[in-house]
Amino acid sequence: MACSGVIGFAVPPLKTRGNSINRESFCCCSSSTAVEEEGACKKFTYSRASPSVRWPHMKFDATQYGSNRKVLRPEEVKDENEVDGELVSVNAEVDEQEGEMFDKRLSRNKVKKMNKLALKRAKDWRNRVQFLTEKILGLKADEFVADVLDAKMVQMTPTDFCFVVKRVGESSWQRALEVFEWLNLRHWHAPNARMLATVLAVLGKANQEALAVEIFTRAEPTVGNTVQVYNAMMGVYARNGQFSKVQELLLLMGKRGCQPDLVSFNTLINARLKSGPMTPNLGIQLLSEVRRSGIRPDVITYNTLISGCSRDMNLEEALKIFSEMQDQNCQPDLWTYNAMISVYGRCGLSNEADHLFKELGSMGFYPDAVTYNSLLYAFAREGNVTRVKDICQEMVEMGFTQDEMTYNTIVCMYGKQGKHELAFQVYEEMKSSGRNPDAVTYTVLIDSLGKANKMIDAAKLMSEMLDVGIRPTLRTYSALICGYAKSGQRTEAEQIFNSMRRSGIRPDNLAYCVMLDLHLRAKKVEEAIVLYEEMIADGLFPDLALYEGLLQLLGEAENEENVQKVIGDLKMYHGLSNENIPSILAKCGCHDFAAKALKLNVIQSSNVIREDLISIVASYSEAGRHSEAVELLSFMQEHTSGPHHFVSEALVVLHCKARQIDAALDEYIGNTEFHNPNCSSVVYKSLIITCHESERFAEACQVFSDMKFVGLEPSADIYKIMAVVYCKMNLPETAHHLVDQAEVKGSPIYDTSVCAELVEAYGKVKELEKAERFVGMLRNRYGVLNRNIWNSLIEAYAANGCYEKARAVFTTMMRDGPSPTLDSINGLLKALIRTGRLDELYVVVQDVQDMGFKISKSSILLMLEAFADSGNVVEVKKIYQGMKTAGYLPTMHIYRVLLSLMSRAKQVKDVEALVVEMKQGGFNPDLFIYNLLLKLYTQIEDYTKAVQVFQSLQESGLKPNEDTYKTLILMYCRDCRPDEAASLLQEMRHLGMKPCLETYKSLTAAYCKKLMVEEAEDLLDCLKSEGHQLNRSFYHLMLKMYRRSGDHSKAEGLLLAMKESGIEPNASTMYLLMTSHSSSGHPAEAEKVLDNLKSTGTSIGTLEYSSVIDAYFKNGDLESGIQKLSEMKKEGVDPDYRIWTCFIRAASICNSLSESTCLLSAIRDAGFDIPQRLLKENSTSMLLEIDIILKELELVSNYAAFNLVNALEDMLWAYERRATAALIFQLAMKRGIYHRNVFRVVERDWGADFRKLSAGAALIALTLWLDHMQDASLQGIPESPKSVVLITGAAEYNKVSLESTIKAFLWEMGSPFLPCKTRTGVLVAKAHSLRSWLKDSPFCLDLELKDSSTLPDTNSMQLINGCYIRRGLAPAFEDIHEQLGQVSPRKFARLALLSVEKREIAIRADIEGRKRKLAKMSEVGTRRNKKTGRFYQPKLRKRGDLLRRN
């Protein structure tokens, strides 16, 4: 029989009828699946049949293609061959020219009769069919077809009625069926084979399989050998992929003696392709079966097979069929190439699809709209928006308009990318262009909205779809159900599911699985069981994951009856045996049922699968039921014979599942039975997985080596895990070898994650060439790579600072696909950041934005962190403000980055504003932020706020850490409060924290600064006893303390202790010792230290000589100092800035001009005449020389120029060359020697900071500052703050107290500045008082600094008790301070200006007044105390009595 070969086609497995999906994917519906399956179940109708319509850019004659046969698409096989098989003969008899229009004016009662032959030859048959079709379709819902047909308005032939049924069926299958039934009831034109084929085709298109089967079954015995009827019924079954039914019909045809034709086999092939995925070589087998039946496959056969390959994305099979087609000399047509382009596109090979598209012209074909749509789908599938737009533009330029398929493809692309706004823009554009959205359009939009959790919009779109009269398909309902399921709206999903079934659409496997999963998640046992039974009744079956969920729910409900029923279904429908059931139950959490099943298998002497036992034990372990696991293992030992090493294996797995990796490794290492080939691979797999998760990579490698040693072949999963392990151990070559080895063993693991890890590992070890070769190999093998692999290569380049190569990869992704992602963009930014090219970050951001990408919050954070690390406060602020403007809310991490930067930059106001903003945003400062604030306030010496921050830290419940204590100790040390610092140090040690050496050093420095000698020595001894290795800086601090305290013997002893500790004194140490002697006025001792250095062969420089010379000067021995300079020059040591500074400083405090001149002459003879010339010559002409000298000194040392300028300022002020001193001061500020914030009147701060300035420099700065403030007061610009702060500091500079000097100067002028009550070294004045004093005080009438015309014979300044004061004011200063102590500035100015006699009288009167006031206060206080005592005495007595009673 001709059809005997076809009967043997393999039916796909039962489980492939429904889409088997993972449980995790139930709540989503792929839009691509929606598009593909929609196209599979709905015939594609294409109206461009005319060549002039299909190729509008070419010119055709009206009859050019009139004689050519029409080439049918594979999808048209059923319709054209089933229904219109006889139309060719009919149309041959009918003239092709249009007949006269039907005369509608004929009376209904007077119909012109024609005989059958005349009626058949009449030319107006089209008009009659059209007339009757319009009448039938124009009927209302309560009207019947019989009303039209009984009227006999026109005379019809049987063929005409076939056309009427077909035309009516295109709009309403119910009316078409009514026409067919009316013909049967009236017995008019008894339905022939053609009419039967026509109505079957109509019902098949309407998915009314049951009615079609009923009609065919009733009419089949009388059909005879009419092949068209069987083909039509086969087409009905083929639509739903019922291959077995088609096979049965083919057998029935053979029994009836009806010979199948090519249409029959094409329909059979179509049914097989729709029934399930293609098996290897299926296409070639189907073609061989057709040839064995004596029929030669035509182009439609091949096109059908290639289209099936396209649906299954089976490129290999498609290439085989295409090659077979060419070998059999079957000329491919345009539809063939369209199908091949579609195959390439669906398989992700857009470049190959594009190449084939470009070759169409050379093969004599011109692309049509189908071609463009297939190519468009290829690039849209990859998300290549740019190429999609180019294809659309080319399509329009070639004269094609974008049809429904074009718009649907673009909508689907944007939907997959989550760009819903763009998808809806295309949707609106589609409607405005005159294209009506179809079910596919709405399905894709609903699916994308569902994935974005916008179910309200999805429901509105569904309503709109119904309003426009488009019937939702199975995919539409499934998309909406999945969306509701994803958003957790079980009730709405159930309503849509019920609505779908009421509409006559039978749920598929996906819909059932999603609903079943919803019921399982909601713990609805009864609803889940009912739905499961309905699913089984419809011939659909859940996958194993859903079965496990169902069993888990039933197990929790202890519903043993249904558990047993489900187990029976598993055995029946999934082929599971009794041995498999225990492991399934254990995995579902049905531990007790699993244990019972396993014990039953053991009792029945069934084979116990070792892996199942291990699986059950592991499940018990994961549930925390270790005792039951041990009991089960004991049962197995008692009831099984032979060795029980599998119990040990189960114990290892038990420990692994419980994450007890140490116990598992101990069991594994201590049992020798594991080191033989009979050991289960599950044991090794469990150990390797657990070691990998615990980051015990070395142990994982050892277990893997043992596994290979005993001869067990690792699975693909183990190969993957070990490849990742070697990558994380930075051994990419070993991982690469393992990947190649797995491929040789038949377990290829070119998985995306493994390949990405391998590329990233090559990048970490800087083996970029190997990473490039590996990626090149992957491209040659697979064509288009996964995004993660490309991103890993970009990360590798970024880690090595190769921005250009990373950008090249990004460009390749844009050109060839897949399109870059957020990780790709971040990789480019990291590459620039790695190389410090921060300025180019904005360029890259602008480029990717121009490409259509949106900059994410992670990209902004990368840029913010990069600029923060570089300390660029301005750019960080810009990025932060831009981030907030874009709608990205800051996180705690961002606040930490910002606060760290602002704290480093000492932007106090910005830091405080950020903290307030953070609290308003709902973030509470953590310990890291509190420590930042503590460090900031400690650095700026705002200790009050630092204490407040610490109190807030304690109130928040946070516990201070080592950084907190370290900062607090440093704060107390800097604030000269070493006792509090010491108590904190003890508390820190009591809490188990170990202070670092820097903390001890800070405390030592504080003790030394306060001259707390005993405490400093005790701390040093304690550190030595505890074994701390003290560095040289500790001893230097102690030396400085001994120098200040004048205890030089201890300094000598400390030098010996330093040597005993193994620390050799260096030049700095010896210098400190020399300065210690010199400061105490013992130049001879300093000379001895210098001689000792010379004797040891130490290189002696100006530092050591300057110490000795300074000692002589401080002792008043100027001649010895000058002699030491001469000695130094004889020994070949050239004087430098240290010697100059030493001599100039000594000259500034000499009592007479002659002494100062002598010193300056000495350094003039040594080669430095600038100081002497400054006293005698015009200073303006010398500024250039001084500028050159200062520039040279800046290169020598940080403080060389600073010390020299300070000394010059003291000297020039002392000898009244104050204009010259002002010029040098301004030059020093210009060169940055003095900081620019010495005074800040222009900045509306009006504050000043004179710290580190010498006395003369400070007096110059003070005069200039007062002059600036006076100008601002008179002009009113800039406005002053409420109070003006002058910072002098509490330190001394060369035994001169800057605070005392400034106070004496201001007190003499009667200024309103007063000492700050909270901080030492700070003077504060109210702004209004200061402005009044500057305007009205006679001392402020002339603040201009001038040079004296002649140098004074004596020094104008005098050093008294650390105060550098005007010589004429010195006696008054001593009298006032000795007799009255600290007085107000106004009283000091008043007393200082009096003569000696009057001042003595005023001072004596002030003292007497104070005594009288104290006596009066004492008398008042005594009386008040007596009165208070009498008043409260009874009460106190009563309270005491009460206490005694109690």
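Residues numbered from 1 in each chain as written. Predicted model: local features only at pLDDT ≥ 70, side-chain atom pairs only at ≥ 80, totals over all residues. Heavy atoms only, no water.

Novice: Please give an account of the overall build of the chain that cites residues and values.
Specialist: Broken down by element type, the chain carries 75 helices and eight strands. For the chain, the residues scored as buried account for 50% of the 1446 residues in total. The contacts of the chain with a sequence gap of at least 6 include a subset with a gap of at least 24, amounting to 65%. Total accessible area computed for the chain in this model is approximately 69500 Å², and 50% of it derives from carbon and sulfur atoms. (Helix = DSSP H or I, 4+ residues; strand = E, 2+ residues; numbered from the N terminus. Buried < 20%, exposed > 50% of the residue type's maximum accessible area, 1.4 Å probe, protein only. Contact = heavy atoms within 4.5 Å. Areas by Shrake-Rupley, 256 points an atom, 1.4 Å probe, with all protein chains shown as cover.)

Novice: Summarise the packing of aromatic side chains; cite the residues concerned and give the values.
Specialist: Two measures describe an aromatic ring pair: the distance that separates the ring centres and the angle between the ring planes. For the structure on display, the rule yields 21 aromatic pairs. Cluster of aromatic residues (ring-pair linked, three or more members): Tyr 1199, Phe 1202, Phe 1225 and Tyr 1234. Taking NZ or CZ as reference, Arg 387 lies 4.9 Å from the ring centre of Phe 379, over its face. For Arg 1218, the ring lying beneath its charged end belongs to Trp 1213, and the centroid distance is 3.9 Å. (Phe/Tyr/Trp six-rings, centres within 6.5 Å; stacked < 30°, edge-to-face > 60°. Lys NZ or Arg CZ within 6 Å of the ring centre and 35° of its normal.)

Novice: Can you explain the pairing of strand S8 (residues 1363-1366)? Please cite residues and give values.
Specialist: As paired elements, strand S7 (residues 1357-1360) and S8 share four bridges and run antiparallel to each other. Looking across to S8, one finds that Gln 1358 is bridged to Ile 1365. Remark: two residues form the turn of the hairpin made by S7 and S8, two consecutive strands paired antiparallel; Asn 1361 in that turn has positive phi of roughly 55 degrees. (Pairing = 2+ DSSP bridges.)

Novice: Break down the sheet that holds strand S1 (residues 1248-1249) for me, citing the residues and quoting the values.
Specialist: With respect to topology, four strands assemble into an open sheet ordered S1-S2-S6-S5, the strand pairing being mixed. Either end of the sheet is taken by a strand with one partner, and the two such strands are S1 and strand S5 (1314-1315). When S5 meets strand S6 (residues 1322-1326), the two strands line up antiparallel, connected through two bridges. Considered in S6, the bridge of Pro 1315 is made with Leu 1323.

Novice: Provide a residue-level description of a negative patch on the surface, including the pertinent values.
Specialist: Taken together, Asp 979, Glu 1014, Glu 1015, Asp 1018 and Asp 1021 make up a surface patch of like negative charges. When residues in the negative patch are grouped by element, the largest group, four residues, is from helix H57 (residues 1013-1025). With respect to the secondary-structure elements, Glu 1014 resides in helix H57. Exposure remark for Glu 1014: the relative accessible area of 60% places this residue in the exposed category. (Patch = residues over 30% accessible without salt bridge, like charges linked within 9 Å, V, L, I, M, F, W, Y side chains within 5 Å. Salt bridge = Lys/Arg side-chain N within 4 Å of Asp/Glu carboxyl O. Lys, Arg positive; Asp, Glu negative; His and termini not counted. Charge placed at Lys NZ, Arg CZ, Asp CG, Glu CD.)

Novice: Residue-level account of the pattern of salt bridges, with values.
Specialist: One pass over the structure, following the stated rule, counts 48 salt bridges. Salt-bridge contacts for Arg 435 lead to Glu 404; the nearest nitrogen and oxygen are separated by 3.8 Å. With Arg 435 in the loop between helix H23 (420-432) and helix H24 (439-451) and Glu 404 in helix H22 (residues 404-416), this pair connects stretches of sequence that are 31 residues apart. Among the salt bridges present, the one from Arg 501 reaches Glu 534, with a minimum N-O distance of 2.5 Å. Remark: Glu 534 occurs in helix H29 (residues 525-537) and Arg 501 occurs in helix H27 (residues 490-502); sequence separation between them is 33 residues. The structure contains a network of salt bridges with shared partners spanning Asp 1169, Arg 1173, Glu 1177 and Glu 1185.

Novice: Give a description of unusual backbone geometry that names residues and reports values.
Specialist: For Asn 453, which is not glycine, the phi torsion reads 65 degrees and is therefore positive. As for its position among the elements, Asn 453 is in the loop between H24 and helix H25 (455-467).

Novice: Tell me what's going on with helix H62 (residues 1102-1114), and back it up with residues and numbers.
Specialist: For H62, which comprises 13 residues, the first-to-last C-alpha distance of 18 Å matches the rise-based estimate of 18 Å (1.5 Å per residue) to within 8%. Where burial is concerned, most of H62 is hidden: 11 out of the 13 residues are buried. Looking only at H62, the buried set comprises Thr 1102, Glu 1104, Tyr 1105, Ser 1106, Ser 1107, Val 1108, Ile 1109, Asp 1110, Ala 1111, Tyr 1112 and Phe 1113. (Expected span 1.5 Å × (residues − 1).)

Novice: A description of the confidence of the model for the chain should follow, citing residues and the corresponding values.
Specialist: Per-residue confidence for the chain gives a mean pLDDT of 78; residues scoring 70 or more make up 85%. Contacts of residues 1-116 to residues separated by more than four positions or lying in other chains number 205 contacts, the stretch itself having pLDDT below 50. Taken as a whole, residues 1428-1446 scores under 50 in pLDDT and shows zero contacts with residues more than four places along the chain or in a different chain. (pLDDT = per-residue confidence, 0-100.)

Novice: Can you tell me about helix H17 (residues 315-327), naming the residues and giving the values?
Specialist: The terminal C-alpha atoms of H17 lie 18 Å apart, and with 13 residues this matches the ideal 18 Å at 1.5 Å per residue to within 8%. Turning to H17, its buried residues number three or more, namely Leu 315, Glu 317, Ala 318, Ile 321, Phe 322, Glu 324 and Met 325. Those residues of H17 that are buried are in contact with helix H15 (282-292), helix H16 (299-312) and helix H18 (334-346). Following H17 by one or two positions, Asn 329 has its phi on the positive side, about 60 degrees.

Novice: Describe the environment of Leu 554, naming the residues involved and giving the relevant values.
Specialist: Residue placement: Leu 554 occurs in helix H30 (residues 544-556). Exposure remark for Leu 554: the relative accessible area of 0% places this residue in the buried category. For the pair Leu 554 and Leu 520, spaced 34 residues apart in sequence, the C-alpha to C-alpha distance is 9.6 Å. In contact with Leu 554, not counting residues within four places along its chain, are Val 525, Ile 529, Asn 559, Asn 562, Val 563 and Val 566.

Novice: An account of the packing of H30 against helix H31 (residues 560-573) is requested, with residue identities and associated values reported.
Specialist: Contact geometry of H30 with H31 gives a least axis separation of 9 Å together with a crossing angle of 165 degrees. One element, H30, and the other, H31, form an angle in the roughly antiparallel class. At the point where H30 passes H31, the crossing takes the left-handed sense. Seen from H30, the contacting residues are Leu 544, Tyr 547, Leu 550, Leu 551, Leu 554 and Gly 555; seen from H31, they are Asn 562, Val 563, Val 566, Ile 567, Asp 569, Leu 570 and Tyr 573. (Axes fitted to C-alpha atoms, helices over the stretch in contact; angles between N-to-C directions. Parallel < 35°, antiparallel > 145°, perpendicular 65-115°, else oblique. Left-handed = near helix turned anticlockwise from the far one by under 90°.)

Novice: Run through the state of the cysteines, naming residues and quoting values.
Specialist: As enumerated under the stated definition, the model contains zero disulfides in all. Of all cysteine sulfurs, the one in Cys 976 lies closest to Cys 973, which takes part in no disulfide; the gap is 9.2 Å. (Disulfide = S-S within 2.5 Å.)

Novice: Any details on the nonpolar core? Residues and values, ideally.
Specialist: Counting residues in hydrophobic clusters, the biggest one holds 262 residues, and the most contacted among them are Tyr 1234, Phe 1250 and Trp 1265. Top element by residues in this core is helix H70 (residues 1255-1275). It accounts for 12 residues. What Tyr 1234 contacts, discounting residues up to four positions off in sequence, is Phe 1202, Val 1205, Asn 1206, Glu 1209, Phe 1225, Ala 1228, Met 1229, Leu 1253 and Ala 1257. (Core = buried A, V, L, I, M, F, W, Y, C linked by side-chain atoms within 4.5 Å.)

Novice: Describe the side chain of Thr 301, and please don't skip the residues or the numbers.
Specialist: The residue Thr 301 is located in helix H16 in this model. Beyond its immediate stretch of four places on either side in the chain, Thr 301 contacts Leu 262, Asn 266, Ile 269 and Leu 287.

Novice: Let's hear about the environment of Phe 1239: which residues, and what values?
Specialist: Mapping Phe 1239 onto the fold places it in the loop between helix H69 (1218-1230) and S1. Overall, the relative accessible area of 13% leaves Phe 1239 in the buried class. Put simply, Phe 1239 and Leu 1264 are 25 residues apart on the chain and 8.8 Å apart in space, counted from C-alpha to C-alpha. The residues touching Phe 1239, leaving out its near neighbours within four places in the chain, are Phe 1225, Gly 1247, Ala 1248, Ala 1261, Leu 1264, Trp 1265 and His 1268.

Novice: So what's going on with the packing of helix H64 (residues 1137-1148) against helix H65 (residues 1153-1165)? Which residues, and what values?
Specialist: It is at 8 Å that the axes of H64 and H65 come closest, and there the two elements cross at 165 degrees. Considering the angle they form, H64 stands roughly antiparallel to H65. As for the relative orientation of H64 and H65, their crossing is left-handed in sense. Here H64 contributes Trp 1140, Phe 1143, Ile 1144, Ala 1146 and Ala 1147 to the contact with H65, which in turn contributes Ser 1156, Leu 1159, Leu 1160, Ala 1162 and Ile 1163. Split into classes, the residues belonging to the contact of H64 with H65 amount to nine nonpolar, one polar and no charged. (Nonpolar A, V, L, I, M, F, W, Y, C, P; charged D, E, K, R; others polar.)

Novice: Could you give an account of the side chain of Thr 476, naming the residues involved and the relevant values?
Specialist: Relative to the helices and strands, Thr 476 resides in helix H26 (residues 474-486). Looking at Thr 476, the relative accessible area reads 0%, which means it is buried. A distance of 2.5 Å separates polar atoms of two side chains, one belonging to Thr 476 and the other to Thr 443. Apart from residues lying up to four places away in sequence, Thr 476 is in contact with Ala 439, Thr 443, Ile 446, Met 462 and Met 465. (Polar contact = N/O pair within 3.5 Å; in protein donor to acceptor, adjacent residues only side chain to side chain.)

Novice: I'd love a proper account of the environment of Ala 1051, names of residues and values included.
Specialist: Looking at the element boundaries, Ala 1051 is found in helix H59 (residues 1048-1060). Relative accessible area serves as the criterion here: at 0%, Ala 1051 is assigned to the buried category. Considering only alpha carbons, one finds Ala 1051 and Met 1038, 13 residues apart in sequence, at a separation of 7.8 Å.

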